[in-house]
Amino acid sequence: MTQFAFMRWCLVVSLSLLLVSCGVNPSAGKTLRVATEPAFPPFEFQGTGGELQGFSIDLMNAIANAANFQVNFLSLPFDGIIPALQGKTVDAAISSMTITEERAKTIAFSRPYFKAGLAIAIHADNQNITGFDSLQNKKIAVQIGTTGAKKAQGIPGVQIRSFDSAPLALQELLNRNVDAVINDAPVTLYAINTGNLQGIKVVEQLLTEEYYGIATAQNSPNLPLINQGLTKVLNNGIYNQIYQKWFKATPPQLPAKLAIGNQNGAGTSGIFNSISIILQAFPTLLWGALVTLQLTVLSVVLGLVGGSLIGIIRLSHIASVRWIARAYVDFFRGTPLLVQIFMIYFGLPAVAQELGFNFNLDRLVAGVIALSLNSAAYIAEIVRAGIQSIEIGQAEASQSLGLSPVQTMRYVIFPQAFRRMIPPLGNEFISLLKDTSLVSVIGFEELLRKGQLIVADNYRAFEIYAGVAVVYLCLTLLSSQAFSKLEAWMNPVQRQKKYDRELK
Ligand code: GLN
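The rules behind these values
Residues numbered from 1 in each chain as written. Predicted model: local features only at pLDDT ≥ 70, side-chain atom pairs only at ≥ 80, totals over all residues. Heavy atoms only, no water. Helix = DSSP H or I, 4+ residues; strand = E, 2+ residues; numbered from the N terminus. Contact = heavy atoms within 4.5 Å. Near = heavy atom within 4 Å. Polar contact = N/O pair within 3.5 Å; in protein donor to acceptor, adjacent residues only side chain to side chain. Areas by Shrake-Rupley, 256 points an atom, 1.4 Å probe, with all protein chains shown as cover. 1 Å grid on protein atoms, 1.4 Å probe; cavity = no way out; pocket = protein on both sides within 12 Å on 5 of 7 lines; lining within 4 Å. Sits in = over half its atoms within 2 Å of the grid points. Salt bridge = Lys/Arg side-chain N within 4 Å of Asp/Glu carboxyl O. Buried < 20%, exposed > 50% of the residue type's maximum accessible area, 1.4 Å probe, protein only. Core = buried A, V, L, I, M, F, W, Y, C linked by side-chain atoms within 4.5 Å. Pairing = 2+ DSSP bridges. Patch = residues over 30% accessible without salt bridge, like charges linked within 9 Å, V, L, I, M, F, W, Y side chains within 5 Å. Phe/Tyr/Trp six-rings, centres within 6.5 Å; stacked < 30°, edge-to-face > 60°. Expected span 1.5 Å × (residues − 1). Bend = angle between axes of the 7 residues up to and from the residue. Axes fitted to C-alpha atoms, helices over the stretch in contact; angles between N-to-C directions. Lys, Arg positive; Asp, Glu negative; His and termini not counted. Charge placed at Lys NZ, Arg CZ, Asp CG, Glu CD.

Trainee: Please set out the side chain of Thr-408 residue by residue, giving values where relevant.
Mentor: Position of Thr-408 among the secondary structure elements: in helix 14 (residues 405-435). The residues contacting Thr-408, other than those within four sequence positions of it, are Ala-395, Ser-398, Gln-399, Leu-403 and Ile-413.

Set out below in C-alpha cells:
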C-alpha cells in the first residue's frame, strides 16, 4: 500500500466509525449548558461545600440520565436567564421558572415539572394583611423579573422594592423594611420550616396556581430531548422519589401540557425596532440617571469632607491617631464596596434587631453612607499625597515670613496641593459615579436597576443595557469635562493668559 492509499484508508475507517457512533445514539455524549439561579431552596441552591443541590438539580440530572445527555450547570441571576437563552449562551434553564404566556413569546418551555403558586409572606404578628386586597398601599419586596414581581405590580398604591434574589427580599421583610414579600409558596415555606425565617408566616390562601417548566430557546432541538427525558422520569417513578426526598409528600398530578402552549416568535428584530426600544426606555433611564447623580453628588460631598479630615489625620505627629486613620483607609479600600453595602443595609439592622432595637435604614441613606465611607478612604489618600507632594521649602519659606503653621497650610500648601489633587479627585468622582450601580443590590432604583426592571419586562437585554451604558458614558464624559475646566480654571498661568487675552 502506498503512503497515499494508507492515508485514504485511515480516513475512510475513521469517518465510518464516526457515522456508526452517531447512528447508535445521536445525543450520546452531548453536553447541555443548563442555567440555574442557585438561591431558591429547596429547588436550586448551593450546599455548604458550594455544590449545587435541590429538587430541580436532581430532576435535571435524572432527565439527562434518562435521555442520555450530560449537564453542565451554570449559575446565572434569575433575570439574566431569559436573555441568556435568547442569546444561546446556555442551552436550557431549570430555575423554578413559571410557564407564562408572556415568557412563551420569547422562549420555549418543556412540559410542566412542578406545581407551585405565589404566597404572601408577612410578620407573624401582622394582623392587617389577610389576602391580596389588603396589600393596597403597602410596601412589598419581590425578586426582580419573577411572577411575584408581576403580581405586585397590579396592586394599587403599592411601593415595590425589587431584589436580585428571593432570600434578599425575605431579609428585607425580616428587617421590617417592608410589610410583605410575594414569592413562590414552596420556597417561603421551606425557609420557614427550616428555621431560616423566624417570626415570618405565610398568608394561607395562595395568590396563584403556577407550573414550572424547563426553558430553552425557541425551536431548540434540545427541547424534544428534555421532554422525552422528563416524561420517562415521570413515568418510571424516579420523579416521585425525588419529590419525596425534598418535600416528604407524594406529588400532585401534573398536566402533560399547559393550555397556553409554546407560542412561536413574537418580538420583532431589526435595527429600527432596537432603536425604538431604546427610545421608549429613555425617559425611564433618564429618571434613573438623575437618581444616580443625586447619589454620586451626596456621596462625593460627604466623602470629600470625611476624606480630607482623614487625609490630614494621616499626617498627624501622633502615632496612634495616624494608625487609626490608616486602619480606616485599609479597611474601606481593602474590602469590596458590595460587601460594605450589604453590611450596612442588611447587616446593621439585623444585628440591631437581634439586640432588641427596632432600627432600619432608608435605602438612600444606606447607599450614601456606604458610598461616602468608601470614597472617603480613597479621597484621604489623594489629600495626603497632594499635601505631601508640596516641597518642604514652601513651608520653610512661609514660616520664615512669619506665617503660623495653620496659615501656612491654608494660604500656601493647600491651594497648591488642591490643584494637584484635582485630576485624581476627578478619577474618584467618575469611579464613584459608576460604583453607584452597586447600590442596585439593595433594591435602589438608580440607572442600572431601572434598566434591569425594563429588561425584566421586555427581555431586550442588549438594547436596554446599551442604552444604560450610553447614559453612564454621557454622565462620565460630562463630569470629566467639568473637571478639566476646573483644572484649567485653577491653573494660575492659564488664568493669567486668559486675562491678558481679554485685556488686548
Ligand atoms: N417561579 C417564579 C418565576 O418564575 C420565581 C422563580 C425564581 O425566582 N427562581 O418567576
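Trainee: Quick rundown of the site of the ligand? Include the residues and the values.
Mentor: By nearness alone, 13 residues border the ligand, and Thr-98, Arg-103, Gln-143, Thr-147 and Asp-184 come closest of all. Between the ligand and Thr-98, the relevant distance is 2.8 Å, taken from an oxygen atom to a main-chain nitrogen or oxygen of the residue. In this structure, Gln-143 approaches the ligand through a side-chain N or O atom, which is 2.7 Å from an oxygen atom. The protein chains hide 100% of the 290 Å² of surface that the ligand would expose on its own. Judged by the fraction of its atoms near the pocket grid, the ligand is located in the largest cavity.

Trainee: How would you sum up the pattern of salt bridges? Please name residues and give values.
Mentor: Enumeration according to the criterion identifies 15 salt bridges in this entry. Measuring nitrogen to oxygen at the nearest pair gives 3.2 Å for the salt bridge that ties Asp-125 to Arg-176. In this pair, Asp-125 is assigned in the loop between strand 9 (118-123) and strand 10 (139-143) and Arg-176 in the loop between helix 5 (166-174) and strand 12 (180-184), connecting sequence segments 51 residues apart. Residue classification places Arg-176 among the partly exposed positions, given a relative accessible area of 36%. Lys-450 is paired through a salt bridge with Glu-445; the nearest N and O atoms lie 3.2 Å apart. Overall, the relative accessible area of 13% leaves Lys-450 in the buried class. Residues joined by salt bridges that share partners form a network here, namely Arg-314, Arg-333, Glu-381 and Arg-384.

Trainee: Give a description of the nonpolar core that names residues and reports values.
Mentor: With 53 residues, the main nonpolar core has Phe-55, Leu-59, Phe-69, Tyr-113, Phe-114 and Tyr-239 as its most contacted residues. If you tally residues by element for this core, the top one is helix 2 (residues 55-67), at nine residues. In terms of nonpolar packing, the next biggest core, distinct from the first, is built from 45 residues, Val-181, Tyr-345, Ile-442 and Ala-461 among them.

Trainee: Report on the sheet that holds strand 3 (residues 44-46), specifying residues and quantitative values.
Mentor: Taken together, three strands build an open sheet; the order of strands is 2-3-4 and the sheet is antiparallel. Every other strand in the sheet has two partners, leaving strand 2 (39-40) and strand 4 (52-53) as the edge strands with one partner each. The sheet contact formed by strand 3 and strand 4 spans two bridges and is antiparallel. Following the sheet pairing, Gln-46 is matched in strand 4 by Leu-52.

Trainee: Got a sec to walk through a nonpolar patch on the surface? Specific residues and values, please.
Mentor: A grouping of Trp-287, Leu-290, Leu-293, Val-297, Val-301, Val-305, Leu-309, Ile-313, Ile-318 and Val-321 is seen on the molecular surface, where their side chains present a nonpolar patch of about 890 Å² in accessible area. Tallying contributions element by element places helix 9 (residues 271-313) first for the nonpolar patch, with eight residues. On the basis of relative accessible area, Val-301 is assigned to the partly exposed category, the value being 47%.

Trainee: A description of unusual backbone geometry should follow, citing residues and the corresponding values.
Mentor: Residue Pro-41 is joined to Pro-42 through a cis peptide bond whose omega torsion reads 10 degrees. Within the secondary structure, Pro-42 is located in the loop between strand 2 and strand 3. At Asn-137, a position not held by glycine, the phi torsion is positive, near 60 degrees. Relative to the helices and strands, Asn-137 resides in the loop between strand 9 and strand 10. One non-glycine residue, Tyr-459, lies in positive phi territory at about 55 degrees. Tracing the backbone through its elements, the reader meets Tyr-459 in the loop between helix 15 (447-458) and helix 16 (461-490). Owing to a relative accessible area of 10%, Tyr-459 belongs among the buried residues under this scheme.

Trainee: Can you explain the packing of aromatic side chains? Please cite residues and give values.
Mentor: Two measures describe an aromatic ring pair: the distance that separates the ring centres and the angle between the ring planes. A full pass over the atoms with the stated rule returns 23 aromatic pairs. Taken together, a centroid distance of 6.0 Å and an interplanar angle of 90 degrees make the contact between Phe-43 and Phe-55 edge-to-face. Here Phe-43 is found in the loop between strand 2 and strand 3, whereas its partner Phe-55 is found in helix 2, with twelve residues between them in sequence. Exposure remark for Phe-55: the relative accessible area of 0% places this residue in the buried category.

Trainee: Describe in detail helix 14, supporting the description with residues and values.
Mentor: In a regular helix each residue adds 1.5 Å, so 31 residues correspond to 45 Å; helix 14 covers only 38 Å between its end C-alpha atoms and thus falls short of that length. If you look at helix 14, its biggest bend is around 45 degrees, right at Ile-413, and the proline Pro-415 turns up within four residues after that.

Trainee: Give a detailed account of the sheet that holds strand 10, specifying residues and quantitative values.
Mentor: Each strand in a sheet pairs with its neighbour through backbone hydrogen bonds, running either in the same direction (parallel) or in the opposite one (antiparallel). Taken in spatial order, the five strands line up as 11-10-12-9-13 in an open sheet, and their pairing is mixed. Pairing within the sheet leaves two strands with one partner each, and these edge strands are strand 11 (159-163) and strand 13 (200-202). On average, each strand axis in the sheet is tilted by 30 degrees relative to the strand beside it, whichever way the strands run. Bridging between strand 9 and strand 13 involves three bridges; their strand directions are antiparallel. Among the inter-strand pairings, Ala-121 is bridged to a residue of strand 13, identified as Val-202. Packing of helix 6 (residues 185-193) onto the sheet brings it into contact with strand 9, strand 12 and strand 13, and relative to strand 12 it is tilted by some 110 degrees.

Trainee: Which residues make up the pairing of strand 9, and what values do they have?
Mentor: Burial within strand 9 is extensive, with six of its six residues counted as buried. With four bridges joining them, strand 9 and strand 12 adopt antiparallel strand pairing. Directly across from Leu-118, in strand 12, lies its bridge partner Asp-184.

Trainee: Can you explain a positive patch on the surface? Please cite residues and give values.
Mentor: Together, Lys-497, Lys-498, Arg-501 and Lys-504 line one region of the surface with positive charge. Here Arg-501 lies in helix 17 (residues 492-503). According to the relative accessible area criterion, Arg-501 is exposed, its value standing at 57%.

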